[in-house]
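Results of the structural survey
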Amino acid sequence: MRRSRTTAAGAAAVAVAATLLAGPSAGTAGAAESERLVIDLATDTGVFHGGASGSLYGVYGDGVPSRNLIEGMRLRTVSTKAQDGPQHPGADALEILPPFVDSGGEDVYIYMTDIYRGFPYQWPGADGPARLADFKEKIAKQVRQVMTMGDYKDHVVYVPFNEPEGNMFGTGAWSYDNVSWLDDPQEYFAAWKEVHHLIRSLDPDARIAGPNTSLLFDQVKGFLTYAKENDVVPDVMTWHELSSPAAIRTSVARYRGWEKEIGIGPLPVNVNEYGHNYHLSVPGQVVQWVSAIEESKIDADLAYWNIDGNLNDSAVEANKGNGQWWLFNAYGQMSGHTVRVTAPHPNVQYTLQGVATLDESKKQSRTLFGGKSGDADVVFRNVDPGLFGKSVHATVQEIPWTGQVGDSAQPLRLTDRKVEVGADGTVTLPMRGMNEMSAYQVILSPGGGGGVQASPSVGWRGTYEAEDATYTGSGYSRNGPEGTPSDVGKFATSGAYNVGGLRTGSDGVLAFDVDVPQDGTYDLSVFANSYNLYGLVKEQGPTNVFLRVDGEDPQELRLPLGYKWVVWGHTDTTVRLSAGRHRITLAAQDPDLGVTRGDAIIDRMDLRLRDAHVTQPALYEAEYATLHGTRPAYTRAGASGPGTVPLTGGASATFWVHSPADGESTVSVDHLGGGRASLALNGEKLQLPLAGGDKKGTDRVRLFLSGGVNKITVTGESGALVLDRLRVAPSRGTLVSSVHPAEKGSLSGAAKVTDTYRFANGGKAVTDIGGGTANALTLDVVAARSGRHALTIRYSNGEQAPATHYNPDPVARHADLSVNGGPAHRVLFPTTFHFNDFRELTVPVTLRKGTNRLTFTAEELPDFDGDTYNQYDQRSPYAPVIDQVAVTPLSAR
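Source: prediction; values computed, not measured. In this numbering scheme, every chain counts its residues from 1 along its sequence in written order. Where totals are concerned, whole chains, interfaces and linings use all residues; where local detail is concerned, this predicted model gives features only for residues with pLDDT of at least 70, and gives and counts side-chain atom pairs only at 80 or more. The side-chain figures draw on all heavy atoms in the structure; neither hydrogens nor water molecules are used.

Looking at the overall build of the chain
To qualify as a helix, a DSSP run of H or I must reach at least 4 residues; to qualify as a strand, a run of E must reach at least 2; elements of each kind are numbered from the N terminus. Check the secondary structure of the chain and you find 11 helices and 57 strands. Relative to the globule expectation of 29 Å for 893 residues, the C-alpha radius of gyration of the chain, 28 Å, shows essentially globular dimensions. A principal-axis box enclosing the C-alpha atoms of the chain has dimensions of 75 × 75 × 65 Å. Relative accessibility thresholds used throughout: buried, under 20% of the residue-type maximum; exposed, over 50%; partly exposed, between the two (1.4 Å probe, protein chains only). Taken across its 893 residues, the chain has 62% of its residues classed as buried. Put simply, 80% of the contacts in the chain that link residues at least 6 apart link residues at least 24 apart. Here the open area of atoms and residues is found with the Shrake-Rupley method and a 1.4 Å probe, where only the protein chains shown may cover a residue. Approximately 30,900 Å² of the chain is accessible, and the part contributed by carbon and sulfur atoms is 49%. For this count, His and the chain ends are skipped, Lys and Arg are scored as positive, and Asp and Glu as negative. Charged side chains are reduced to one point each, which is NZ for Lys, CZ for Arg, CG for Asp and CD for Glu. For the chain, the distance from the average position of its 79 positive side-chain charges to the average position of its 101 negative side-chain charges is 6 Å. We compute the radius of gyration over the C-alpha atoms and compare it with the globule rule, which gives 2.2 Å times the number of residues raised to the power 0.38. By definition, residues are in contact when any of their heavy atoms lie within 4.5 Å.

Side note on the environment of S79
Considering the arrangement of structural elements, one finds S79 in strand β4 (residues 77–81). Given the relative accessible area of 0%, S79 is considered buried. Sequence separation between S79 and D218 is 139 residues, and the spatial gap between their C-alpha atoms is 24 Å. Sequence-distant contacts of S79, that is, excluding residues within four places in its chain, are made with S55, L56, Y57, Y109, Y111, N272 and D301.

Focus: the packing of helix α7 (residues 283–296) against helix α8 (residues 323–332)
Working convention: axes come from line fits to C-alpha atoms, limited for helices to the stretch in contact. Angles between N-to-C directions cover 0 to 180 degrees. Taken N-terminus to C-terminus, the directions of α7 and α8 make an angle of 30°; their axes are 10 Å apart at the nearest point. Between α7 and α8, the angle is such that the two are roughly parallel. Crossing hand, α7 versus α8: right-handed. Of the residues in α8, those touching α7 at P283, V286, V287, V290 and E294 are G323, Q324, L327, F328 and Y331. With respect to orientation, any angle under 35 degrees is reported as roughly parallel, any angle over 145 as roughly antiparallel, any angle of 65 to 115 as roughly perpendicular, and every other angle as oblique. Crossings are classed by handedness, with left-handed meaning an anticlockwise turn of the near helix from the far one by less than a right angle and right-handed meaning a clockwise turn.

Regarding the pairing of strand β56 (residues 881–889)
Residues in a regular strand point their side chains to alternate faces of the sheet. Taking burial as the measure, the 9 residues of β56 include 9 buried ones, the bulk of the element. With 4 bridges connecting them, strand β46 (residues 738–741) and β56 associate as antiparallel partners. By the bridge assignment for β56, H740 is matched with V885. Strand pairing follows a simple DSSP-based rule, namely that at least 2 bridges must link the two strands.

Section: unusual backbone geometry
Along the chain, G210 connects to P211 via a cis peptide bond; the corresponding omega equals 0°. Looking at where P211 falls in the secondary structure, it is placed in strand β7 (residues 209–213). That bond from G265 to P266 is cis: its omega, 5°, falls within 30 degrees of zero. Of note, P266 is situated in the loop between α6 (245–262) and β9 (269–274). Residue R74 is not a glycine yet carries a positive backbone phi of 55°. Inspection of the secondary structure assignment puts R74 in the loop between α1 (67–72) and β4. Of note in this structure, A496 is not a glycine but carries a positive phi near 75°. With respect to the element layout, A496 can be found in the loop between β23 (477–479) and β24 (498–503). Taking the relative accessible area as the measure of exposure, A496 reaches 18% and is therefore buried.

With respect to the confidence of the model for the chain
For residues with low pLDDT, the predicted coordinates do not support detailed interpretation. Per-residue confidence for the chain gives a mean pLDDT of 95, with 96% of residues at or over 70. Every residue carries a pLDDT, the predictor's confidence in it, which falls somewhere between 0 and 100. Under a pLDDT of 50 for its full length, residues 1–32 has, in the predicted model, 102 contacts with residues more than four places off or in other chains.

Quick notes on the sheet that holds strand β53 (residues 825–829)
Read across the sheet, 5 strands follow the order β47-β50-β55-β52-β53 without closing on themselves; strand pairing throughout is antiparallel. With one partner strand each, in any of the chains shown, β47 (746–747) and β53 form the two edges of the open sheet. Looking at chain direction, strand β52 (residues 813–819) and strand β55 (residues 850–857) are connected through 4 bridges and run antiparallel. The partner of V819 across the bridge, within β55, is L854.

Some details on helix α3 (residues 128–146)
What a helix should span is 1.5 Å times the count of its residues minus one. The end-to-end C-alpha distance of α3 is 27 Å, a good match for the 27 Å that 19 residues give at a rise of 1.5 Å each. Lining the buried residues of α3 we find α2 (93–102), β5 (107–111), β6 (156–159) and α4 (186–202). Any pair of nitrogen or oxygen atoms within 3.5 Å is treated as a polar contact; in protein, a donor-acceptor pairing is required on top of that, and neighbouring residues in sequence qualify only through side-chain atoms on both sides. Residue D127 occupies the N-cap position of α3, its side-chain oxygen lying 3.0 Å from the main-chain nitrogen of A130.

Re the side chain of H658
By secondary structure assignment, the location of H658 is in strand β38 (residues 652–659). Not counting the four nearest positions on each side in its chain, H658 is found in contact with W326, D407, S408, A409, Q410, Y620 and G708.

Overview of the side chain of T626
Following the sequence through the fold, T626 ends up in strand β36 (residues 626–628). Residue contacts for T626: discarding those within four places in its chain leaves R74, Q333, S652, A653, T654 and W656.

Observations regarding the pattern of salt bridges
Two side chains that carry opposite charge are able to pair once their charged atoms sit near each other. Salt bridge criterion: a side-chain nitrogen from Lys or Arg within 4 Å of a carboxyl oxygen from Asp or Glu. Applying the stated criterion across every chain, the model contains 45 salt bridges. For D487, the salt bridge goes to K490, with nearest N and O atoms at 3.5 Å. Of the charged contacts, one joins D780 and R853 as a salt bridge, the two residues approaching to 2.8 Å between their closest N and O atoms. Of this pair, D780 sits in strand β50 (residues 777–783) while R853 sits in strand β55, and the two are 73 residues apart along the sequence. Taking relative accessible area as the criterion, D780 reaches 39% and is therefore assigned partly exposed. Overall, the relative accessible area of 45% leaves R853 in the partly exposed class. Overlapping salt bridges bring together K81, D84, D92, E95 and R875 as one network.

Section: the sheet that holds strand β27 (residues 544–549)
Strand order in the open sheet formed by 5 strands is β22-β25-β31-β27-β28, with antiparallel pairing between adjacent strands. Looking at the sheet topology across the chains shown, the edges are occupied by β22 (470–472) and β28 (552–558). Within the sheet, the average angular offset between the axes of one strand and its neighbour, ignoring direction, is 25°. Taken together, the 4 bridges between β27 and strand β31 (residues 580–587) define a ladder with antiparallel strand orientation. Considered in β31, the bridge of F546 is made with A587.

Describing a negative patch on the surface
Within the patch definition used here, like charges are joined within 9 Å and nonpolar side chains (Val, Leu, Ile, Met, Phe, Trp, Tyr) within 5 Å, considering only residues with over 30% relative accessible area and no salt bridge. A cluster of acidic side chains, namely D177, D183, D184 and E187, defines a negative patch on the protein surface. With respect to the secondary-structure elements, D184 resides in the loop between β6 and α4. Classification of D184 by relative accessible area gives partly exposed; the value is 35%.

Looking at the packing of helix α5 (residues 220–229) against α6
Contact geometry of α5 with α6 gives a least axis separation of 11 Å together with a crossing angle of 35°. In this structure, the crossing between α5 and α6 has a hand that is right-handed. Residues V220, K221, L224, T225 and K228 of α5 lie in contact with α6, whose contacting residues are Y255, W258, E261 and I262. Grouping the amino acids of the contact of α5 with α6 by side-chain chemistry returns 5 nonpolar, 1 polar and 3 charged. Nonpolar residues are Ala, Val, Leu, Ile, Met, Phe, Trp, Tyr, Cys and Pro. Charged residues are Asp, Glu, Lys and Arg, and all others, Gly as well, are polar.

With respect to the packing of aromatic side chains
Here a pair means two rings of Phe, Tyr or Trp (six-membered ring of Trp) with centres within 6.5 Å. Their orientation is stacked below 30 degrees between planes, edge-to-face above 60, and tilted elsewhere. What the rule picks out here adds up to 34 aromatic pairs. For the pair F161 and Y188, a centre-to-centre distance of 5.5 Å together with 75° between the ring planes defines the contact as edge-to-face. Residue F161 is located in the loop between β6 and α4, and its partner Y188 is located in helix α4; the two are separated by 27 residues in the primary sequence. Relative accessible area serves as the criterion here: at 1%, F161 is assigned to the buried category. Judged by its relative accessible area of 0%, Y188 is buried. Each member of the aromatic cluster is reached from another via a ring pair, and the members are Y116, W123, F135, F161, F169, Y176, W181, Y188, F189, W192, F223 and Y226. Placement of a charge over a ring requires the Lys NZ or Arg CZ to be within 6 Å of the ring centre, with the centre-to-atom vector within 35 degrees of the ring normal. The side chain of R117 reaches across the aromatic face of Y872, ending 4.3 Å from its centre. Positioned over the ring face of Y497 is R478, at 3.9 Å from the centre of the ring.

Here is the structure:
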């Protein structure tokens, strides 16, 4: 990335992790010394809605993102393009409708205007009436298509116009008559009426949304008046808020006032675009929007600034979540009713804000908050002793920022302990050293059950900003400031600055001086970015740099690619450090390993001591899981955490479990006896003996977990198993994989082996699969037993379609996979940003004992009606480049 050259920066600085330095305390002592976020558990502000979990263009197709990510995010609404629209690759309304609804989604809002190319929309016609006539023909076709979708059509909301004041009924080259409806609304109002009647004539039960303006203009009041007078009031009121969370509260209140004045509604509201690049992916920023949206009891969709299919910078690859995804996972697990939250600076963005719930049936309160660095007290008032007892069990978690394309593990556990409730009914949690980019969660439960308290999941950690490191050599640039509250179109960056210089031909060295507390192994993460289409990066793909500790122990690191500059991911490794000071360097040359190819910018480096806090199994308490048909109990001695969950027949507890990579993990099911239960992984019931028994115990199973997010469900089968928790840790040796290089398979037609991509294992892979079923890859694999297996495909996909505006348009390629000659199953593969950047995608398959034949083909998918094809290279006829395939049993006892 080319920016002005500056002098080298000074020594690195360590940022201490957020913690509860003083520990939770009863009462309000010391609260005046810090800002206070006050949660009044006695003031009910309405049923929990969950409406902030919405997405514009966030779903590409079935599998991109995975159903796990959709369900685990509690994705409620999706706004997306008309079926077969040429706006962007993927995100076709009727293709995403079934997987979205099957994953728990509520409504798909179809942007009917996105049947046209460009923005403003390029609708053809010699004049306004001709253009509107063409649009009405396309609307009629869309509605007829929806009517073929059976019960799924009940989840469709039609959006006839999108930002009409800026394109179709604005003043631009593609407008109806070069007159903005904000100045003279007659043509737009007439068009709204015609289109409304057309949709209802074809689908009498249709729900229609509008006006979908870019903000809530004063003129929208006139639109509502006209709509009432002509019986064409929208079923859902929609507009966009690309300003601030404060505007959410203000605009919703203003709109509700109009409803009362005009005599309509109250209507459901969907603010179907919210947030900016500076906010998206950053839990501490997005939680401020979530608090305003939830308080307003509306639906809202994250804005689409970048690539589709990644849940608006929540999803990484197909099945991984970043920090923003885990924020929405925590938000989606709230239940009951919201309670009043008083922020230290109410309704002011870039300050501490929060949202809280109380579920009396679960005897549980959850609070999400963030937006501030430094210290604050979280104060709970009116803690009901009849519900919680004389003490509460407080679990405090941090949800850190991990970049737009950086995978995140489950939230960090900062503390887990019992706290006495003060005589005035308050509990104060003094938060110290918070990070404004992180969000935080507090879960309160009854504290009298005597449960065992869990230790923090992380110990010592430090953050070192690249702009504070020492740079020597050529090519240095200090870049920034990046995104700020006054420049929200740019991307968030730790410390607001980053460093360039490590590129092809450079001799640059970036040196971080660190001071660590003890001897040991440390996890090291480099937050970095290379723009995938930049000249020096296009040559190789991932930029390689070289790491050393005190000049020794060289390692080659491949830094993450992104769809633009300043799109952050992280590359992870481990280093051995002795107690004291060290210099860790990233260099563009290494005498033993080679030279850098590409161009990268560096944001920061993180270190974390890999001690018992980190290496212990991850804990997932049953009372914090997603429960169906049951509720927590808090009186059983011998449990971990505050309680347990009884599972009678059919009752279930679902856990969202992180795995750092595709592979075997040991899942320990801790229980107190009382019955038996079955296990399901990612929606599939496992063929394993039932867990549980008559007495307290642990059942250990080996499961193949996909990299990223896994859904593990424990369902009662007999008796009433008292479930305590899951413990999950990577393991090896039980589920044995067989690995099959693609180049060893049988090729037909144009499919061929290539040695173009040096980061393929062994330097070879298979390309040109597809373009018709004759061009295929066939692999024979051996299974030791019959049953379900994990098929892990190492692939690359750098295809990108021409874009019409600011959104990069990577294409998700597909493979039609047939097992033993059976019907082909279509598998979508998200972008890897370059054909020399390989990722893994796991799909479950059924294999018979012995040899099984896998066949990979591909051909272009036609449009919905089956007789036309996309004209803009947005549906690839090809499979990804396939490097290798691994086959592993899905589970074992």
